[in-house]
Amino acid sequence: SSGINAEWPLRPGEIDDKEEFFERLKAYWTLKRQARNGVPLLRRLQVTHTRSINPDEEKVDKEQLVKCQRLRHDLERARLLVELIRKREKRKKYRLRLCVDTTA
């Protein structure tokens, strides 16, 4: 770092230059980490998977899953329909060009 003072928090409007702001921000967090002897400032995220014990919640979750699956299926059908329409219109355009070219 180029001798940047790592005071924080910065007051609004104190720094107009974006580069200087990010340099000061980096310096601040670097000093915080050095103060902890290089130990990360945040612990690793510990994810625990818990199952819903409440049968009503499970029922709601299953209903939502079914709705999402139906929606995905409907959207896929719509996507395929749009693709077919696009191809049809492309063929119509090609045939129209052929007609125009042969009559000209």
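In what follows, the structure referred to is the one given above.
Please read all numbers here as calculations on a predicted model, not as lab measurements.

## Examining the overall build of the protein chain
Phase 1 of the analysis: Each helix and strand counted, the protein chain has two helices and zero strands in total.
Phase 2 of the analysis: Out of the 104 residues belonging to the protein chain, those deemed buried represent 6%.
Phase 3 of the analysis: Total accessible area computed for the protein chain in this model is approximately 10,500 Å², and 56% of it derives from carbon and sulfur atoms.

## With respect to helix H2 (residues 55–103)
Phase 1 of the analysis: In a regular helix each residue adds 1.5 Å, so 49 residues correspond to 72 Å; H2 covers 72 Å between its end C-alpha atoms and thus fits that length.
Phase 2 of the analysis: The N-cap of H2, judged by a side-chain oxygen 3.0 Å from the amide nitrogen of Asp-56 a few residues on, is Asn-54.

## Overview of the packing of aromatic side chains
Phase 1 of the analysis: What the rule picks out here adds up to two aromatic pairs.
Phase 2 of the analysis: With centroids separated by 5.2 Å and ring planes inclined at 80°, the aromatic side chains of Phe-21 and Phe-22 adopt a geometry described as edge-to-face.
Phase 3 of the analysis: Here Phe-22 falls in the partly exposed class, since its relative accessible area comes to 47%.
Phase 4 of the analysis: Seen in terms of ring centroids, Tyr-28 and Trp-29 are 5.0 Å apart; in terms of plane orientation they differ by 80°. Their pairing is edge-to-face.
Phase 5 of the analysis: The buried category is assigned to Tyr-28, whose relative accessible area is 17%.

## With respect to a positive patch on the surface
Phase 1 of the analysis: Taken together, Lys-32, Arg-33, Arg-36 and Arg-43 make up a surface patch of like positive charges.
Phase 2 of the analysis: Secondary-structure assignment places Arg-43 in the loop between helix H1 (18–35) and H2.
Phase 3 of the analysis: Taking relative accessible area as the criterion, Arg-43 reaches 83% and is therefore assigned exposed.

## What about H1?
Phase 1 of the analysis: The terminal C-alpha atoms of H1 lie 26 Å apart, and with 18 residues this matches the ideal 26 Å at 1.5 Å per residue to within 8%.
Phase 2 of the analysis: Among all positions of H1, only Arg-24, Ala-27 and Tyr-28 are buried. End-on, the buried residues of H1 take up no more than an arc of 100°, which puts them together on one face. When the buried face of H1 is taken as reference, the exposed residues oriented beyond 90 degrees from it are Lys-18, Glu-19 and Lys-26.
Phase 3 of the analysis: At the exit of H1 stands Asn-37, carrying a positive phi of roughly 60°.

## What about the pattern of salt bridges?
Phase 1 of the analysis: What the rule picks out here adds up to four salt bridges.
Phase 2 of the analysis: The shortest N-O distance in the salt bridge between Arg-79 and Glu-76 comes to 2.7 Å. You can see Arg-79 and its partner Glu-76 sitting in helix H2, three residues apart, about one turn around the helix.
Phase 3 of the analysis: Overall, the relative accessible area of 46% leaves Arg-79 in the partly exposed class.
Phase 4 of the analysis: For Glu-76, a relative accessible area of 34% corresponds to the partly exposed category.
Phase 5 of the analysis: Among the ionic pairs, Arg-86 bridges to Glu-83, the shortest N-O distance being 2.8 Å. Within this pair, Arg-86 and its partner Glu-83 are both found in helix H2, separated by three residues, close to a single helical turn.
Phase 6 of the analysis: For Arg-86, a relative accessible area of 45% translates into the label partly exposed.

Each value, and the rule that gives it
- Residues numbered from 1 in each chain as written.
- Predicted model: local features only at pLDDT ≥ 70, side-chain atom pairs only at ≥ 80, totals over all residues.
- Heavy atoms only, no water.
- Helix = DSSP H or I, 4+ residues; strand = E, 2+ residues; numbered from the N terminus.
- Buried < 20%, exposed > 50% of the residue type's maximum accessible area, 1.4 Å probe, protein only.
- Areas by Shrake-Rupley, 256 points an atom, 1.4 Å probe, with all protein chains shown as cover.
- Expected span 1.5 Å × (residues − 1).
- Polar contact = N/O pair within 3.5 Å; in protein donor to acceptor, adjacent residues only side chain to side chain.
- Phe/Tyr/Trp six-rings, centres within 6.5 Å; stacked < 30°, edge-to-face > 60°.
- Patch = residues over 30% accessible without salt bridge, like charges linked within 9 Å, V, L, I, M, F, W, Y side chains within 5 Å.
- Salt bridge = Lys/Arg side-chain N within 4 Å of Asp/Glu carboxyl O.
- Lys, Arg positive; Asp, Glu negative; His and termini not counted.
- Charge placed at Lys NZ, Arg CZ, Asp CG, Glu CD.
- Arc of directions from axis to C-beta.

Coordinates in, geometry out; function isn't part of it.
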